Amino acid sequence: SERQLREAQEAGGVGAYTWFIRDDAWRSSPYLDRIFGIDEAYPRTLAGWTNLIAPHYRAKMQAYVAGLMATGQEFNLDYPIVRPADGQTRWVHGQGHLQYGADGQAIALVGIIQDITDRNQLEARLRQSETLLASAQRIARVGSWRWTAIGEDPFAFHGEYQHSQEVADIFGVSIAELDIPPERFLERFVHPEDRQRVMDVWTVFRSPGHPSLEITYRARRADGEWRTLREFATWDHGPEGELTGVA
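Parameters at a glance
Residues numbered from 1 in each chain as written. Predicted model: local features only at pLDDT ≥ 70, side-chain atom pairs only at ≥ 80, totals over all residues. Heavy atoms only, no water. Pairing = 2+ DSSP bridges. Helix = DSSP H or I, 4+ residues; strand = E, 2+ residues; numbered from the N terminus. Axes fitted to C-alpha atoms, helices over the stretch in contact; angles between N-to-C directions. Buried < 20%, exposed > 50% of the residue type's maximum accessible area, 1.4 Å probe, protein only. Arc of directions from axis to C-beta. Contact = heavy atoms within 4.5 Å. Phe/Tyr/Trp six-rings, centres within 6.5 Å; stacked < 30°, edge-to-face > 60°. Polar contact = N/O pair within 3.5 Å; in protein donor to acceptor, adjacent residues only side chain to side chain. Expected span 1.5 Å × (residues − 1).

Caption draft 1: Summary view of the sheet that holds strand β6 (residues 145–149). Taken together, the five strands give an open sheet; going across it, the order is β7-β6-β10-β9-β8, and neighbouring strands pair in antiparallel fashion. Unpaired on one side and paired on the other, β7 (159–163) and β8 (212–220) mark the two borders of the sheet. Strand-to-strand twist in this sheet, taken as the mean axis angle between neighbours without regard to direction, amounts to 20°. Relative to strand β10 (residues 243–246), strand β9 (residues 226–237) is paired through three bridges, and the arrangement is antiparallel. Looking at the pairing, W235 lines up with V246 of β10.

Next up, the structure:
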């Protein structure tokens, strides 16, 4: 029923629309009106919709819609709006597809719109946190790495490595040059007198019942300089307690 559809849209945080192209008029669901911050008197025309879009983004949107009409592609875009009700700038994600008449001409664009402002803000905060972490690592000369297990047996140590830029800077190499098997890492970077001890510590860590590792060893940078490094590692766990990797 219409009520069930409206409740489902509100639960999903989406509003629905239909743009009748030939009549230059669009119809919106009540929840979409809430997202846009408009009332029943708002002009539901192409010009009215364009005016909802943040001024700096209107030219890009007009070009996008023109391309959509020319190619028949689906509407799938994030864009900023300014709500008339309170002047707030919000980000929305729009999806839609064209419908065609018997003559093969587009007669309507039907789709949904979701307010993604909170998601965008969260992503921005995460990016900022990553930037701050990278800055802190550079200042403290601390790098981070992660190994993600592939396969059912994590102790077999089949997986993929990820290194922060600071780790690469500590060794004086690129991140790609660190993506090598442990044996080659020992040969290239670890002091010959420390290799067996490092290998023994890692062998113990890679067996059940050893949740963490701590070791100090001498490492050679790409420029030939020797540095003393201290390394810590712990096992990562999945939602059900399973071992998923090392960080």
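Here the narrative resumes.
Caption draft 2: Just helix α7 (residues 182–189), in detail. Those residues of α7 that fall on the buried side of the exposure criterion are F185, L186 and F189. The arc that holds the buried residues of α7, viewed along the axis, is 100°, so those residues lie on one side. Looking at the buried residues of α7, the elements they touch are α6 (165–171), α8 (195–205), β8 and β9.

Caption draft 3: Quick look at the packing of aromatic side chains. Taken as a whole and assessed by the stated rule, the structure comprises ten aromatic pairs. On the numbers, 6.2 Å between centres and 80° between planes, the contact of W26 with F36 is edge-to-face. With a gap of ten residues between them, W26 in strand β2 (residues 25–28) and F36 in helix α2 (residues 30–36) connect regions that are remote in the sequence. This pair shows no difference in class: W26 is buried, exactly as F36 is.

Caption draft 4: Looking closely at the sheet that holds strand β1 (residues 14–20). Ordered in space as β2-β1-β5-β4-β3, the five strands form an open sheet in which the pairing is antiparallel. Lying at the two open borders of the sheet, with one neighbouring strand each, are β2 and β3 (75–82). Each adjacent strand pair in this sheet contributes to an overall mean axis angle of 25°, direction not counted. Sheet analysis places β3 next to strand β4 (residues 89–100), joined by eight bridges and oriented antiparallel. If you follow L77 over to β4, its bridge partner there is G94.

Caption draft 5: Summary view of the pairing of β10. As paired strands, β6 and β10 are joined by two bridges and run antiparallel to one another. Paired with W147 across the two strands is V246, which belongs to β10.

Caption draft 6: Up close: the side chain of R90. Among the structural elements, R90 can be located in strand β4. A polar contact is formed between the side chain of R90 and the side chain of D115, at a distance of 3.0 Å. For R90, the contacting residues outside a window of four places in its chain are Y79, P80, I81, R83, D115, T117 and D118.

Caption draft 7: Structural context of helix α4 (residues 58–71). The end-to-end C-alpha distance of α4 is 20 Å, a good match for the 20 Å that 14 residues give at a rise of 1.5 Å each. Of the residues making up α4, those classed as buried are M61, Y64, V65 and L68. Projected down its long axis, α4 shows its buried positions confined to an angular sector of 95°, all on one face. Exposed side chains of α4 directed beyond 90 degrees from the buried face belong to A59, A63, A70 and T71. Where the residues of α4 are buried, they touch β1, α3 (46–52), β3, β4 and β5 (106–115).

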